[in-house]
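One-letter residues, chain by chain:
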Amino acid sequence: MASNRTFTMIKPDAFAEGNSGAILKMIEEAGFRVVALKATQLSAALAGKFYAVHKERPFYNDLCNYMSSGPIIAAILEKDNAVADFRTLIGATNPAEAADGTIRKLFAKSIEANAVHGSDSDENAEIEGSFFFSQLERIK
Ligand code: RTP
Ligand code: MG
């Protein structure tokens, strides 16, 4: 994945509330192009693999249970400066600290059920995108 791409998930809380369409609309209106997209549900084991970087954190088990609790949408997004601009669009991890107008401010329920994921580096965007999508499943 080139450095103008990032990876996102619409998390189980936002999917269950029927906010996926509104969130994808905000993402497109912010200038991101969807280059891969799927609805799926993680097992706890796969969520554990995806979040292995957090395995020593106190919230790891809760996070894996939460992320496997229901369907999600996974997507690869393209835009100049995609990783940083997407993290600005989604806002702080804790919605209580998220800026007005951000996706988490609008849709997140709590620090855990915070509506969306956004990759934190170009390297992780590539790793995370490839966790969900083959080359055939993404626009070149
Ligand atoms: P994400 O990876 O989902 O985009 O979120 P982030 O970078 O803003 O936050 P990170 O530190 O990577 O944490 C990953 C996810 O774990 C949950 N979390 N729970 N209970 C807690 O204190 C806590 N802290 C983090 C959130 O779902 C967070 O997005
Ligand atoms: Mg993170």
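Position numbers for residues start from 1 in each chain and track the written sequence from start to end. Here chains are named by letter from A upward and ligands by number from 1 upward, in the order in which they appear as written. Totals for whole chains, interfaces and linings use all residues, but because this is a predicted model, local features are given only for residues with pLDDT of at least 70 and pairs of side-chain atoms are given and counted only at 80 or more.

A.B. asks: Describe the overall build of the protein chain, with residues and values.
C.D. replies: Each helix corresponds to a stretch of at least 4 residues labelled H or I by DSSP, and each strand to a stretch of at least 2 residues labelled E; elements are numbered beginning at the N terminus. Looking only at helices and strands, one finds seven helices and four strands in the protein chain. Shown N-terminal to C-terminal, the secondary structure of the protein chain runs as helices and strands in the order β-α-α-β-α-α-β-α-α-β-α. Over its C-alpha atoms the protein chain spans a radius of gyration of 14 Å, differing by no more than 12% from the 14 Å that the globule rule assigns to 140 residues. Dimensions along the principal axes, computed over C-alpha positions, put the protein chain at roughly 35 × 35 × 25 Å. Note on burial: count the other C-beta atoms lying within 10 Å of the residue's C-beta; 20 or more is buried, 12 or fewer is exposed, in between is partly exposed, and C-beta positions come from the backbone. The buried share of the protein chain, taken over its 140 residues, is 34%. Any pair of residues counts as being in contact when their C-beta atoms, constructed from backbone geometry, are within 7 Å of one another. Within the protein chain, contacts between residues at least 6 apart in sequence are counted, and of these 72% link residues at least 24 apart. Just to be clear, the radius of gyration here is over C-alpha atoms, and the globule rule we use is 2.2 Å times residues to the power 0.38.

A.B. asks: Would you mind going over the environment of alanine 74 in detail, with residue names and values included?
C.D. replies: Relative to the helices and strands, alanine 74 resides in strand S3 (residues 72-78). Given 21 C-beta atoms within a 10 Å radius, alanine 74 is considered buried.

A.B. asks: Could you give an account of the site of ligand 1, naming the residues involved and the relevant values?
C.D. replies: Using a C-beta atom placed from the backbone, a residue is scored as near a molecule or strand whenever that atom is within 6 Å of it. All residues adjacent to ligand 1 are Phe59, Leu63, Thr93, Ile111, Glu112, Asn114, His117, Gly118 and Asp120. A per-class count over the shell around ligand 1 returns three nonpolar, four polar and two charged. For this classification, Asp, Glu, Lys and Arg are treated as charged, while Ala, Val, Leu, Ile, Met, Phe, Trp, Tyr, Cys and Pro are nonpolar and the rest, including Gly, are polar.

A.B. asks: Explain the environment of tyrosine 60 residue by residue, including any values.
C.D. replies: Along the chain, tyrosine 60 falls in helix H4 (residues 60-67). Residues tyrosine 60 and glycine 48 lie twelve residues apart in sequence; the distance between their C-alpha atoms is 8.0 Å. Aside from chain neighbours lying at most four places away, what touches tyrosine 60 is Tyr51, His54 and Lys55.

A.B. asks: Account for the UniProt feature "binding site: ATP" (unreviewed entry) in the protein chain, naming residues and giving values.
C.D. replies: UniProt positions are given in the numbering used here, feature names are shortened, and annotations may be inferred rather than shown by experiment. Within this structure's numbering, the places UniProt gives as "binding site: ATP" (unreviewed entry) are Lys11, Phe59, Arg87, Thr93, Arg104 and Asn114. When you line up the elements, arginine 87 lands in helix H5 (residues 82-90).

A.B. asks: Explain the UniProt feature "active site" (unreviewed entry) in the protein chain residue by residue, including any values.
C.D. replies: As recorded in UniProt, the feature "active site" (unreviewed entry) lies at His117. Note on placement: histidine 117 falls in strand S4 (residues 116-118). Ignoring any residue separated from it by four or fewer positions in sequence, one finds histidine 117 in contact with Thr8, Met9 and Lys11.

A.B. asks: Please give an account of the sheet that holds strand S2 (residues 33-40) that cites residues and values.
C.D. replies: When DSSP finds two or more bridges between two strands, those strands count as paired. Ordered by their spatial adjacency, four strands build an open sheet running S2-S3-S1-S4, and the pairing between neighbours is antiparallel. Looking at the sheet topology across the chains shown, the edges are occupied by S2 and S4. In this sheet, neighbouring strand axes are inclined to one another by 15 degrees on average, regardless of whether the strands run parallel or antiparallel. Pairing analysis gives three bridges linking strand S1 (residues 5-10) to S4, with the strands arranged antiparallel. Considered in S4, the bridge of isoleucine 10 is made with valine 116. Fitting a line to C-alpha atoms yields each axis, with helices limited to the stretch in contact; the angle taken between N-to-C directions then spans 0 to 180 degrees. Here H5 sits on the sheet in contact with S1, S3 and S4, set at roughly 30 degrees to S1.

A.B. asks: I'd like a rundown of the nonpolar core, residues and numbers included.
C.D. replies: We define the nonpolar core as any set of buried residues of the types Ala, Val, Leu, Ile, Met, Phe, Trp, Tyr and Cys, connected via C-beta atoms lying within 7 Å of each other. Residues Ile23, Leu77, Phe86, Ile103, Ala115 and Val116 are the most contacted members of the largest nonpolar core, which totals 31 residues. Setting aside residues no more than four positions away along its own chain, leucine 77 makes contact with Arg5, Thr6, Thr8, Ile27, Phe32, Arg33, Val34, Val35, Ala82 and Phe86.

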